[in-house]
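Given next are the chains, with one letter for each unit.
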Amino acid sequence: MPDDDDGFSLKLPPIRLPSLFPENFRVLWPAAGDGPDSRPSPWTIFAALLLFDVADAALALFVDSAAVTVVRVVGGALVAATAFGTLGTVYVWEAVAALAGFGDLTVVPTLTVLALLRLLR
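Keep in mind it's a predicted model, so treat the numbers as computed, not measured.

Colleague: Could you clarify how one ought to interpret the environment of Ala48 in this entry?
Modeller: By the element assignment, Ala48 lies in helix 1 (residues 42-62). Ala48 gets classed as partly exposed once you look at its relative accessible area, which sits at 46%. For the pair Ala48 and Thr112, spaced 64 residues apart in sequence, the C-alpha separation works out to 9.1 Å.

Colleague: Teacher, can you tell me more about the nonpolar core here?
Modeller: Nonpolar side chains in soluble globular proteins tend to be buried together. Grouped together as the largest cluster of nonpolar side chains are eight residues: Phe46, Leu49, Ala80, Phe84, Tyr91, Leu111, Leu114 and Ala115. Of all elements in the fold, only helix 1, helix 2 (66-84) and helix 4 (110-120) reach the threshold of two or more residues within this core.

Colleague: What am I meant to see in helix 2 here?
Modeller: An α-helical segment advances 3.6 residues per turn. Residues three or four places apart therefore align on the same side. The end-to-end C-alpha separation of helix 2 is 26 Å, in line with the 27 Å expected for 19 residues at 1.5 Å each. Every buried residue of helix 2 is accounted for by Arg72, Val73, Gly76, Ala80 and Phe84. Buried positions in helix 2, seen along its axis, are confined to an arc of 90 degrees and lie on one side of it. Counted as exposed and oriented over 90 degrees from the buried face of helix 2: Ala67, Val70, Val71, Leu78 and Thr82. Buried positions along helix 2 lie against helix 1, helix 3 (92-99) and helix 4. The backbone nitrogen of Ala67 has a side-chain oxygen 3.3 Å away, supplied by the residue at the start of helix 2, namely Ser65.

Colleague: What's the story with the side chain of Asp53 in this structure? I'm lost.
Modeller: Topologically, Asp53 is positioned in helix 1. Arg72 provides the closest opposite charge to the buried, salt-bridge-free Asp53, at an N-O distance of 8.6 Å. Beyond its immediate chain neighbours, meaning those up to four positions away, Asp53 contacts Pro109, Thr110, Leu111 and Thr112.

What counts as what
Residues numbered from 1 in each chain as written. Predicted model: local features only at pLDDT ≥ 70, side-chain atom pairs only at ≥ 80, totals over all residues. Heavy atoms only, no water. Helix = DSSP H or I, 4+ residues; strand = E, 2+ residues; numbered from the N terminus. Buried < 20%, exposed > 50% of the residue type's maximum accessible area, 1.4 Å probe, protein only. Core = buried A, V, L, I, M, F, W, Y, C linked by side-chain atoms within 4.5 Å. Expected span 1.5 Å × (residues − 1). Arc of directions from axis to C-beta. Contact = heavy atoms within 4.5 Å. Polar contact = N/O pair within 3.5 Å; in protein donor to acceptor, adjacent residues only side chain to side chain. Lys, Arg positive; Asp, Glu negative; His and termini not counted. Salt bridge = Lys/Arg side-chain N within 4 Å of Asp/Glu carboxyl O.

Written out as structure tokens, the structure is:
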């Protein structure tokens, strides 16, 4: 069980290095709070979602294939769930539109709209 709620932690027993290592040899390991922030900025996420929506719209308009539609809808749903959690369930409307035969409606940039809503709140 970790001591703090920041995430996974692991403690190793003391390790003795072989004698060929110098006495003051240090192993650098990124610890909590060390190093650069690895989280992307909200604008980077917005740009990635906008790019996804542009590619999705292009596929919706120019590729008439059920397999591509399934991949687009499933991929979009996974991205929406990853980026927005439960708010990402709004993306289900695109699956409903595609299944109902209104695939042209899926050119609406749902992920970009969700990202804008999140940025503006």
